[in-house]
Structure formats: structure tokens, C-alpha cells
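# Survey of secondary and tertiary structure
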Amino acid sequence: MKQSRFSRYIKSFARDTDGAVAVEFVILFPMLAWALMASYTFFDGYRQSAANLKAAYTISDLISRETQGIDETYIDSMQTLFSVMTRNPAGTTMRISVIKWNGRKNKHVVKWSKVRGEFGDPLNNTTVLDIKDKLPNMPNQDNVILVETKDFYVPPFKVGITPKSLDNFVFTRPRFTDQVAWAS
């Protein structure tokens, strides 16, 4: 059986092991660089998301252990703590609220709510209806501390992840008292 020139050329090319490392490097380097940048960016995004969630849980836990009234200075210190824990001195916002469940009236009542940064307005008895499906089931007259945080993540490299807001919604029951009071 006679082989055509083309098929002999293909077989010869397939068996050829000669190559230029420089050419292979030029071809593969962009893919390798992109893979390295993408890995770093994805890891950094997950790290930042985890840091935000840990900071929100820490703040919620600290407030849940308070037996004295909380004031503006305390809320300011929680904002500073959140910024330090997330390594983002600017751009972090939070809303801290204490919400009570009134079982007889079948509604949530906002005891107090404070905002730091550009989160929006504090919660009130009307706006709490917007988040009632996110709140846990609570016994009558029970309180919950709600910590909502926002931080904006900007990826270090443009590899398919767009800048995004990292939002957290964390609630905790007061630990040592039945409610966390606001010290006027």
C-alpha cells in the first residue's frame, strides 16, 4: 500500500521531537500568567468574603454579651473593629439593630437601630417588614441582635470577576440578659 506524500509528512511531523523552548514559552506564558492571576484573584475574593463574615459574627457576638447599655461610642468602635478585621479602612458600612418579636400582634418591633457608613436608613417598624422573611422564628417577646454589613470588593486583576458588594446578614440572641439596651 502506497502512502501519499501528505500522510508521510503528517507522520513525520508527529514523530518529530525537536522544538524550540523559546517558542513554546512564548505560546504558553500568557496562559500560565492568566492562570496564576486568576488563582490569586479567586483566592483573594474568597479570603475577603470570609473575613467580612467573620467580622460580622464577631461584632454580633460582642454585642450579644453586653449587659450594660450600648451608646454611640460603642457603635463607632464596632465600625472601627469591622474596618480593621476586613483590612478596609474606608468603604465599610454596617447597620446594627435590636428587634423584638411580639407574638400577640404577630409582628417584629425594632427596639433600636444604628447605621455607620453609607448603609442607608436605620431599621424602623415599617422597614423591618422588608426583611421579616430573613429573620428567624422567635418566641413571644424574644429579642434578636441583627448585624448587617457591606463591604465592596475590587479584584486585583481583571480575570472574569467583577467588583461586587459583599453583604452579610447575621443575627444573634442576647446571651446574658433578655435584651441589649440602648444607653441614651
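Bear in mind the structure is a predicted one, so any value in this text is a computation, not a measurement. (Residues numbered from 1 in each chain as written. Predicted model: local features only at pLDDT ≥ 70, side-chain atom pairs only at ≥ 80, totals over all residues. Heavy atoms only, no water.)

This part covers unusual backbone geometry. Although it is not a glycine, asparagine 106 sits at a positive phi angle of roughly 55°. Tracing the chain through its elements places asparagine 106 in the loop between strand 1 (93-102) and strand 2 (107-116). The phi dihedral of glutamine 141 falls on the positive side, at around 65°, and the residue is not glycine. With respect to the helices, strands and loops of the structure, glutamine 141 is situated in the loop between strand 2 and strand 3 (143-153). (Helix = DSSP H or I, 4+ residues; strand = E, 2+ residues; numbered from the N terminus.)

Tallied over the full model, the rule gives eight salt bridges. Aspartate 76 is the salt-bridge partner of arginine 116, the closest N and O atoms lying 2.6 Å from each other. Pair noted here: arginine 116 is in strand 2 and aspartate 76 is in helix 3 (residues 72-85), with a separation of 40 residues, a long-range link. (Salt bridge = Lys/Arg side-chain N within 4 Å of Asp/Glu carboxyl O.)

With that settled, the discussion passes to the packing of helix 2 (residues 21-64) against helix 3. Close contact between helix 2 and helix 3 brings their axes to 9 Å; oriented N to C, the two are set at 155°. With respect to each other, helix 2 and helix 3 are oriented roughly antiparallel. Where helix 2 crosses over helix 3, the two elements pack in a sense that is right-handed. In contact with Ala51, Asn52, Lys54, Ala55, Ala56, Thr58, Ile59, Leu62 and Ile63 of helix 2, helix 3 contributes Tyr74, Met78, Leu81, Phe82 and Met85. Tallied by class, residues from the contact of helix 2 with helix 3 come to 11 nonpolar, two polar and one charged. (Axes fitted to C-alpha atoms, helices over the stretch in contact; angles between N-to-C directions. Parallel < 35°, antiparallel > 145°, perpendicular 65-115°, else oblique. Left-handed = near helix turned anticlockwise from the far one by under 90°. Contact = heavy atoms within 4.5 Å. Nonpolar A, V, L, I, M, F, W, Y, C, P; charged D, E, K, R; others polar.)

Within strand 1, 10 of the 10 residues are buried, which leaves the element mostly enclosed by the surrounding structure. Both faces of strand 1 are covered, namely the face carrying Thr93, Arg95, Ser97, Ile99 and Trp101 and the face carrying Met94, Ile96, Val98, Lys100 and Asn102. With eight bridges connecting them, strand 1 and strand 3 associate as antiparallel partners. Directly across from serine 97, in strand 3, lies its bridge partner leucine 146. Note: strand 1 against strand 2, nine bridges, orientation antiparallel. Across the sheet, residue methionine 94 finds its bridge partner in strand 2, namely arginine 116. With antiparallel pairing between neighbouring strands as the criterion, strand 1 and strand 2 make up a hairpin whose turn holds four residues, including asparagine 106 at a positive phi of roughly 55°. (Buried < 20%, exposed > 50% of the residue type's maximum accessible area, 1.4 Å probe, protein only. Pairing = 2+ DSSP bridges.)

Shape descriptors only; they carry no functional weight alone.
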